[in-house]
Amino acid sequence: MQNKNMLASVLVFFVAFASMAQGATPPPPIPPPPPGLPIDNGVLILFVLAIGLGIYKSFTFSKKRA
């Protein structure tokens, strides 16, 4: 019986030590960015490339049919 009490007190000591060793609370998370952010300039480049690819595909498709 004495052995179980000793083991329980040692376990309580280590649990208490581990809980105190956690340190300070972490800082709060950063706030989310405001809504309505501007669209990148990359969208314009993507649009131009998509139009160019569409024109290329239409010409190659029309050459295959002719």
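Please refer to the structure higher up on the page.
The sections below set out a description of the structure shown in this document. Remember, it's a predicted structure, so these values are computed and weren't measured experimentally.

A short note on the overall build of the chain
In terms of helices and strands, the chain carries two helices and zero strands. As presented, the chain carries roughly 6,900 Å² of accessible surface, and 74% of it is formed by carbon and sulfur atoms.

Section: helix H2 (residues 42-65)
The end-to-end C-alpha distance of H2, which contains 24 residues, comes to 35 Å, matching closely the 34 Å that a straight helix rising 1.5 Å per residue would cover. Burial analysis of H2 places just zero of its 24 residues in the buried class, which makes it a mostly uncovered element.

Re a nonpolar patch on the surface
Together, Leu44, Phe47, Val48, Ile51, Ile55 and Phe59 line one region of the surface with nonpolar side chains, adding up to about 640 Å² of accessible area. Turning to its location among the elements, leucine 44 is positioned in helix H2.

About the cut-offs
Residues numbered from 1 in each chain as written. Predicted model: local features only at pLDDT ≥ 70, side-chain atom pairs only at ≥ 80, totals over all residues. Heavy atoms only, no water. Helix = DSSP H or I, 4+ residues; strand = E, 2+ residues; numbered from the N terminus. Areas by Shrake-Rupley, 256 points an atom, 1.4 Å probe, with all protein chains shown as cover. Expected span 1.5 Å × (residues − 1). Buried < 20%, exposed > 50% of the residue type's maximum accessible area, 1.4 Å probe, protein only. Patch = residues over 30% accessible without salt bridge, like charges linked within 9 Å, V, L, I, M, F, W, Y side chains within 5 Å. Salt bridge = Lys/Arg side-chain N within 4 Å of Asp/Glu carboxyl O.

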